[in-house]
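Here are the chains, one letter per residue:
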Amino acid sequence: MNHRKTAEEILQLVGGESNVQNVIHCMTRLRFNLYDNSKANRQALEQVDGVLGTNISGSQFQLIIGNEVPKVYKEIIANSNLSESKSADGESKQKKNVISSIFDVISGVFTPILPAIAGAGMIKGIAALLVTFGWLQEASQTYQILTVIGDGAFYFLPILLAISAARKFGSNPYVAAAIGAAILHPTLTAMFAEGGSISFVGLPVTIATYSSTVIPILLAIWIASYVEKWVDRITHASLKLIVVPSVTLLVVVPVTLITVGPLGAIAGNYLSAGTNFLFQNAGIIAMILLAGTFSLIIITGMHYALVPIMLNNIAVNGFDYMIPAMFLANFGQAGAAFAVAMRSKNKKFKSLSFTTALTATMGVTEPAMYGVNMRLKKPFVAALIGAAAGGVLYALTDVKAYIVAGMAGLPGLPTFVGPEFIFAILGLVLAFVAAAVMTWIMGFEDIVAPAEETTTEKKAVDTAEETDSEKTSEVIASPLTGEVRPLAEVSDPTFAQEIIGKGTAIFPSKGEVVSPVDGEVVTLFATKHAIGLRSTNGAEVLIHVGIDTVKLNGEHFAAHIASGDKVQKGQKLVSFDMEAIQAAGYDIITPIIITNTAEYEDITALAEGTVTSGEAILDLAVPATTSKEAS
């Protein structure tokens, strides 16, 4: 990479120096505060050599660079009138966008629990299919147990949301779970079922149903986070263990039952009724618009705001119209990418297009959308048209989703098990075919393979073989004690989508980072929240404590090493105050990324559940050196 050229192109494509208020960088990305984000050409920026992707967080425009970000940043500063001191201050002075903050909260709360919901939904779908084909009777005990497995996550959804929301809001997740359990308690449920007036210390309690609901518990845990922090602040350290959770429960549960819960339940019911009314009375227009624009909604990140509505619709109405639109959008992207693969003359790009078309049909649409269709522009438009075409059929046949069954792709087809199942499948086929046909008709400017590609292919292979001969397989130890989680659960898409490399994540239970390898500290960021290491065997490891913790400017962190230091496995690198960071509103989940992932044949997670620092968590395998074996 030519760092100066990359810096010059970036500065030009973000709208020029005059559009930049300030710029800073963290371990992996440039963070711009622009006067006008619309002036930044995101599609062109993503084609710049060295730029892995773009992201907008709040009002901040981010460019994902990876390990080379300090050098690119240095060239931007050196070849402009921007200053490092101006950049360092810019982050804290930015006013947070309220709407973006709401989307960020919704994304952070729902992303971790989606596997549980998807798994339970798939079980419900399988049970429904077994009954539909006559392989199982509804009266059988097997069916009833399958129903219990499938319904469990949805019935007790407030408890799952309470834990996830508490982690997002920086409060105790187990106290939050206790709040969710209280409003679902069988005694309270029985009191509501009996009817009549209910009161607590003379105050009326409004009857409401809390099982499977979303809004009441989110409001309750949001309030709980403030109550807990206030009580913690005024309570003596010797009494915190008893006083803080007791007061939090005694305040928040009654407040939820008397005011917040009923209001949230009413709001959820109106939201579901409004959605239902829209699709039943303006079905074709509503479905065409939603299906045809859902890919755009995904790009903005606003689809996270629809997740609570979808779940609430299924809980209240027993079905949802928005989930089908998501399926159509994915199959539209798949069809467009497939047509690109059929027409492209570039062998590598053809292969990429085929692969991403397949993954899109399985419900993972980002590779096709960002890597192929948006890159070529016209196929992306064709994908939107294809999804809208499928929306017409869905509207005419009243296709609905009855459960949440994982990815919006082929594995999630049990979502549609019901009277309209055949039309649901036909609609997906229509979206795929229409998008492919429109891509073929509209055409696109193909990606031309570099002229030197064939002549340099052998050199590339030779270089790879040389690298392989120097690099060996390696096991990476855990740098933290805590709970292992997949990268997909990290709220930051840069990590979740493995843009800068594969790895794993840990939700720490102890505020101490130790070295996972014998090697060298390549980079210790000034704010001490992220460390880059290179092992003696060549593995490049990034440990990023928390999400967006760069904004703390080093507060609550203490470094025990410096850049350039040699370290041993298990040596303490950084200490951090978990409670203080969470109290400041930051998620402390910590991604551990292998930033030179491309140099390994496979990276395998070795640990699940709770780990202690020093335990093996990742296995890095290098390709076999066939040239040596032959000799």
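Shown above is the structure to which this text applies.
Everything quoted here is computed from the prediction, not taken from an experiment. (Residues numbered from 1 in each chain as written. Predicted model: local features only at pLDDT ≥ 70, side-chain atom pairs only at ≥ 80, totals over all residues. Heavy atoms only, no water.)

Enquirer: What should I look at first to understand the nonpolar core in this one?
Expert: One broad trend across soluble globular proteins is that nonpolar side chains are buried collectively. Phe110, Ile221 and Leu311 are the most contacted members of the largest nonpolar core, which totals 69 residues. Residues in contact with Leu311, not counting those within four places in the same chain, are Phe110, Ile117, Phe154, Leu157, Val214 and Val404. In terms of nonpolar packing, the next biggest core, distinct from the first, is built from 47 residues, Phe495, Ala530, Val541 and Phe576 among them. (Core = buried A, V, L, I, M, F, W, Y, C linked by side-chain atoms within 4.5 Å. Buried < 20%, exposed > 50% of the residue type's maximum accessible area, 1.4 Å probe, protein only. Contact = heavy atoms within 4.5 Å.)

Enquirer: It is not clear to me how the packing of helix α1 (residues 3–13) against helix α3 (residues 69–78) should be interpreted in this structure. Could you clarify?
Expert: For any two helices packed against each other, one specifies the crossing angle of their axes together with the interaxial distance. Between α1 and α3, whose axes approach to 8 Å, the crossing angle comes to 65 degrees. If you check the angle between α1 and α3, you find them roughly perpendicular. Crossing handedness for the pair α1 and α3: right-handed. Between α1, through His3, Arg4, Thr6, Ala7, Ile10 and Leu11, and α3, the contact on the second element is made entirely by Lys71, Val72, Glu75 and Ile76. Residue composition of the contact of α1 with α3, by class: five nonpolar, two polar and three charged. (Axes fitted to C-alpha atoms, helices over the stretch in contact; angles between N-to-C directions. Helix = DSSP H or I, 4+ residues; strand = E, 2+ residues; numbered from the N terminus. Parallel < 35°, antiparallel > 145°, perpendicular 65-115°, else oblique. Left-handed = near helix turned anticlockwise from the far one by under 90°. Nonpolar A, V, L, I, M, F, W, Y, C, P; charged D, E, K, R; others polar.)

Enquirer: Help me out: how do you make sense of the pairing of strand β20 (residues 616–621) in this one?
Expert: On any regular strand, side chains alternate: one points to one face of the sheet, the next to the other face. Pairing of strand β7 (residues 474–477) with β20, which is carried by four bridges, proceeds in the antiparallel orientation. Across the sheet, residue Ile476 finds its bridge partner in β20, namely Leu618. In this sheet, β20 lies alongside strand β18 (residues 602–605) in antiparallel orientation, the contact comprising four bridges. In the strand pairing of β20, Asp602 is matched with Ala621. (Pairing = 2+ DSSP bridges.)

Enquirer: Explain the pattern of salt bridges here, please?
Expert: Opposite charge on two side chains permits them to pair, given that their charged atoms come into close proximity. Per the counting criterion, the structure on display carries 11 salt bridges. The partner of Lys400 in a salt bridge is Glu420, with the nearest N and O atoms 3.3 Å apart. Here Lys400, found in the loop between α18 (378–397) and α19 (421–442), pairs with Glu420, found in the loop between α18 and α19; they are 20 residues apart in sequence, far enough to count as distant. Classification of Lys400 by relative accessible area gives buried; the value is 9%. The class for Glu420 is buried, based on a relative accessible area of 9%. Of the charged contacts, one joins Glu540 and Arg534 as a salt bridge, the two residues approaching to 3.9 Å between their closest N and O atoms. Owing to a relative accessible area of 35%, Arg534 belongs among the partly exposed residues under this scheme. Among the ionic contacts, a cluster of salt bridges with common partners joins Arg31, Asp548 and Lys551. (Salt bridge = Lys/Arg side-chain N within 4 Å of Asp/Glu carboxyl O.)

Enquirer: Any chance you could explain the side chain of Glu228 here in plain terms?
Expert: Note that Glu228 resides in helix α11 (residues 215–234). It is Lys229 that comes nearest to the buried, bridge-free Glu228 among opposite-charge side chains, at 8.0 Å. (Lys, Arg positive; Asp, Glu negative; His and termini not counted.)

Enquirer: Before we go on, may I ask you to explain a nonpolar patch on the surface in this structure?
Expert: A cluster of nonpolar side chains, contributed by Phe338, Met342, Phe354 and Trp440, occupies part of the molecular surface with about 390 Å² of accessible area. With respect to the element layout, Met342 can be found in helix α15 (residues 322–343). (Patch = residues over 30% accessible without salt bridge, like charges linked within 9 Å, V, L, I, M, F, W, Y side chains within 5 Å. Areas by Shrake-Rupley, 256 points an atom, 1.4 Å probe, with all protein chains shown as cover.)

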